[in-house]
Amino acid sequence: MESTEQPRSISGSMQSPRSPSSQPYLSVSVTDPVKLGNGVQAYISYRVITKTNLPEYQGPEKIVIRRYSDFVWLRDRLFEKYKGIFIPPLPEKSAVEKFRFSAEFIEMRRAALDIFVNRIALHPELRQSEDLRTFLQADEETMDRFRFQETGIFKKPADFMQMFRDVQSKVSDAVLGKEKPVEETTAAYEKLKHYIFELENHLAEAQKHAYRLVKRHRELGQSLLDFGKAVKLLGACEGEPTGKAFSDLGTKSELLSIKLQKEAQQVLMNFEEPLKDYVRYVQSIKATIAERGTAFKQHCELAETTKLKEINLDKLMLTRSDKVGEAEIEYREKARKLRENLRG
Amino acid sequence: MMGSENVEEFKEEMESLFLREESDRDFNGDKSNSNYRSAMSTLSDSPHPSILVTPADSDPLFAPPSYYSESRSPRSKPNGGNRDSSYLEPPSYADVIFSPFDDNSEINGSDDGGSRHSQSSDTLSRSSSSLSSDFIKITVSSPQKEQEATNSMIPGGTTYVTYQITTRTNLPEYGGSDFSVRRRFRDVVTLADRLAESYRGFCIPPRPDKSVVESQVMQKQEFVEQRRVALEKYLRRLVAHPVIRNSDELKVFLQAQGKLPLATSTDVASRMLDGAVKLPKQLFGESGGASAVEVVQPARGGRDLLRLFKELRQSVSNDWGGSKPPVVEEDKGFLEKKEKMHDLEQQIINASQQAESLVKAQQDMGEIMGELGLAFIKLTKFENEEAVFNSQRARANDMKNLATSAVKASRFYRELNSQTVKHLDTLHDYLGLMMAVQGAFADRSSALLTVQTLLSELSSLEGRAEKLEAASSKVFGGDKSRIKKIEELKETIKVTEDSKNLAIRQYEQIKGNNWCEVERLDRERRADFLNMMKGFVVNQVGYAEKIANVWTKVAEETSQYNRESS
């Protein structure tokens, strides 16, 4: 990382005197949700502001417009490229249609997206990702193009091949009655895995309760409001001093109600949402663990095929056939893949 | 209440849970209820220490601001024990709220002495007759099934439930100080009916409903218990009424052993018979005064059929404005009052409903707080068991603090709520009392109707007499038969005249009763509502403080995280 030299940007952009000029930094914020489009196709766009002094970036500050599916694209790319690393989680897609544009939902989502990008920006490896740079800097049209590539309805041919191979290996296993090791593992690893799975359950339960706590706060606030109103009306029927007392009681109840609603909001944003965030994080970890398993499986398969190819090669060598050259190339390729896979 | 004598009482009651009788003056007779409610109300929490507490002179009834300077002067603020300060510092409400479940008083040092008794100042603010120490306390208990002894052919008569009604009193009108009787619900109905007859124009507390349920349900534990509670409340209200508590009917009900010696409403058939016999007497006045008295009772079924018919006719003609009623409901004040009462009733209904949903919301809050706490305790346990790193255990510990705090808060919410229920019960109770007011107003209206009927009857009788006289005078020497008729008519007129005068007197009396009762009701309602509000608010504040303390403590304990993250 270029820590000591201050890159002199060709465009002559100035460093703000406040920034620690020797420290590389990359800070992002997600702001200003705006509703765009109409009807079914309406969506929310966010402003993503990047402030940095890293040379890979075009200048100290950049602002782009992004939407939720752009974030999804970024996450998917990172997930593919950086296997074994826990990718920060994204907030969920909204299940309920009419909730999609409520102010609360939008704010919760914006906050979660902000955390998402910042976690990436702070991660020593992920922050170097080229996809991140694309995400933070590309103009909207380029971004759209990238996004469409990924979210095409038809999967890439590579995926199809993988599916075939999966089926193939499962069948051959069944036929040959071979027992395959599911995953490379140690006792410590198993313990951690078990921990993660259990943790998700506990966190999810806690989060559920936290959400209901928010709801109850709101309900209490509402009923205090109604009570206050009723009591004020009652006070209007009564003479003094009862009437005034009721009226005061009513007013205070109404004030309290407002405070309760505020408190509910705080509990939501500062307690429930972070809990939900952790639940998602644990889920993301689980996904990575699953990937590890898949990778291991693939590795085993490759090892097998390589082995087969080796056997084949030897055979061919013995028979001094023309096919040797070909087979050798194939073999080398497989071996290479195997080594690659091992590393990942 | 006088100052000095209360110092002693106050102190002695500190040591015991002896409930003072005045707590019975609550219209909500529930024993523990009055305990709390009066406990709440002992806090003359004038937030301004400058309000001088004046012992004897302010009659809390009539001077509105005096409510706040209730003369509970030696009320010690438990900030460090029982000081004899007449100046009330702004209390820490948390200290003052008494929680019987709160074994570990989290309040620094001082014991929550201040509220552990029913210094029933709520009654203080109500009737000045509570100055002396007379008391009367009623308990309804031990419901039992009994067999109806029938002499019919069918073996084993119907079963019914009796309740033991225990009275403890030092009122001189009652012969003894402690006695108890067994009564069944039917007896209560009788009592209520007799009272309604004798105390027309009064706001008589409504009796518990007759339930239209099948006998199976009647015997179920839950139903019996509900009824027992309702009976107790009803009887306590009766004795709380300054006039009714002295009634013979009530005394008999509470004291007379064995069968209740009050006339029950006879069955319709015999009343019809009675009526048929009495009819001519009523019309032709043979039984004189006695029938006049009967006449002024409100018309009821059976014997009064004829009268009902007449009065109905009268009221119809009143309504249609056919003939101007000689006695008009002239009292604009009354009509206004009636209107106001009706409005009040509506608002009380509304407030009572909102109070219910408030209570529910508080309950839900307490529940979810508890569940959240439990979930975190589970998480803590899990972390401790599965921890791989020490930091996990440290976090788990902090989390445990959070969890136990949530559980504590939940407990406080539940306590808060159970007290809230007791306070806001006042609203529910007044619903019943509004019904009593309606009854009182109805008494007045029906009395007026009786008067009007009699007046128009009188005038028609007189009209007939005139006609007969005129006709008879045309006949030379008098018309024997007509003269005889005139004589009879004159008799009837005389009786009717007497009845009319009696009816008018009754009406006036009822009017007077009405007026007194409404005054009294207004006074008591004012005091009750103020007490309710005070209790409610103090309760809320006290628990809010307690809960806030809990969270503050946790926030302090985990403040390191705040520092770390900032």
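Let us look at the structure shown here. The model shown is predicted, which means the values in this text are computed figures rather than measured ones. (Residues numbered from 1 in each chain as written. Chains lettered and ligands numbered in written order. Predicted model: local features only at pLDDT ≥ 70, side-chain atom pairs only at ≥ 80, totals over all residues. Heavy atoms only, no water.)

**Brief notes about the packing of helix α13 (residues 390–474) of chain B against helix α14 (residues 480–557) of chain B**
Residue and element names in this part refer to chain B. Two elements in contact, α13 and α14, have axes separated by 7 Å at closest approach and are oriented at 170°. Taken as axis vectors, α13 and α14 run roughly antiparallel relative to one another. Here the residues of the contact of α13 with α14 are counted per class, giving 40 nonpolar, 15 polar and 20 charged. (Axes fitted to C-alpha atoms, helices over the stretch in contact; angles between N-to-C directions. Helix = DSSP H or I, 4+ residues; strand = E, 2+ residues; numbered from the N terminus. Parallel < 35°, antiparallel > 145°, perpendicular 65-115°, else oblique. Nonpolar A, V, L, I, M, F, W, Y, C, P; charged D, E, K, R; others polar.)

**Observations regarding the sheet that holds strand β1 (residues 136–147) of chain B**
All names here are of chain B. With antiparallel pairing, 3 strands are arranged side by side in an open sheet as β1-β2-β3. Edge positions in the sheet fall to β1 and β3 (178–184), since each of these pairs with one other strand and no more. Shown here is a sheet whose adjacent strand axes are inclined to one another by a mean of 20°, direction ignored. Pairing of β1 with strand β2 (residues 159–169), which is carried by 10 bridges, proceeds in the antiparallel orientation. Note that in β2 the partner of Lys145 across the bridge is Val161. Along the sheet face, helix α7 (residues 221–240) touches β1 and β2 and points at about 145° away from the line of β1. Across the sheet, helix α8 (residues 248–255) touches β1, β2 and β3, and the angle it forms with β3 is around 90°. (Pairing = 2+ DSSP bridges. Contact = heavy atoms within 4.5 Å.)

**Observations regarding the nonpolar core**
With 69 residues, the main nonpolar core has A:Phe227, B:Phe376, B:Leu424 and B:Leu427 as its most contacted residues. For this core, the secondary structure elements donating two or more residues are α6 (187–237) and α7 (242–319) of chain A together with α12 (332–386), α13 and α14 of chain B. Residues within four places of B:Leu424 in sequence aside, it is in contact with A:Phe227, B:Ala355, B:Leu358, B:Met532 and B:Phe536. B:Leu171, B:Val181, B:Ile244 and B:Leu250 belong to the second largest nonpolar core, which has 31 residues in total. (Core = buried A, V, L, I, M, F, W, Y, C linked by side-chain atoms within 4.5 Å. Buried < 20%, exposed > 50% of the residue type's maximum accessible area, 1.4 Å probe, protein only.)

**Side note on a nonpolar patch on the surface**
Together, A:Leu192, B:Val388 and B:Phe389 make up a nonpolar patch on the protein surface, roughly 270 Å² of accessible area in all. Note that A:Leu192 resides in helix α6. (Patch = residues over 30% accessible without salt bridge, like charges linked within 9 Å, V, L, I, M, F, W, Y side chains within 5 Å. Areas by Shrake-Rupley, 256 points an atom, 1.4 Å probe, with all protein chains shown as cover. Salt bridge = Lys/Arg side-chain N within 4 Å of Asp/Glu carboxyl O.)

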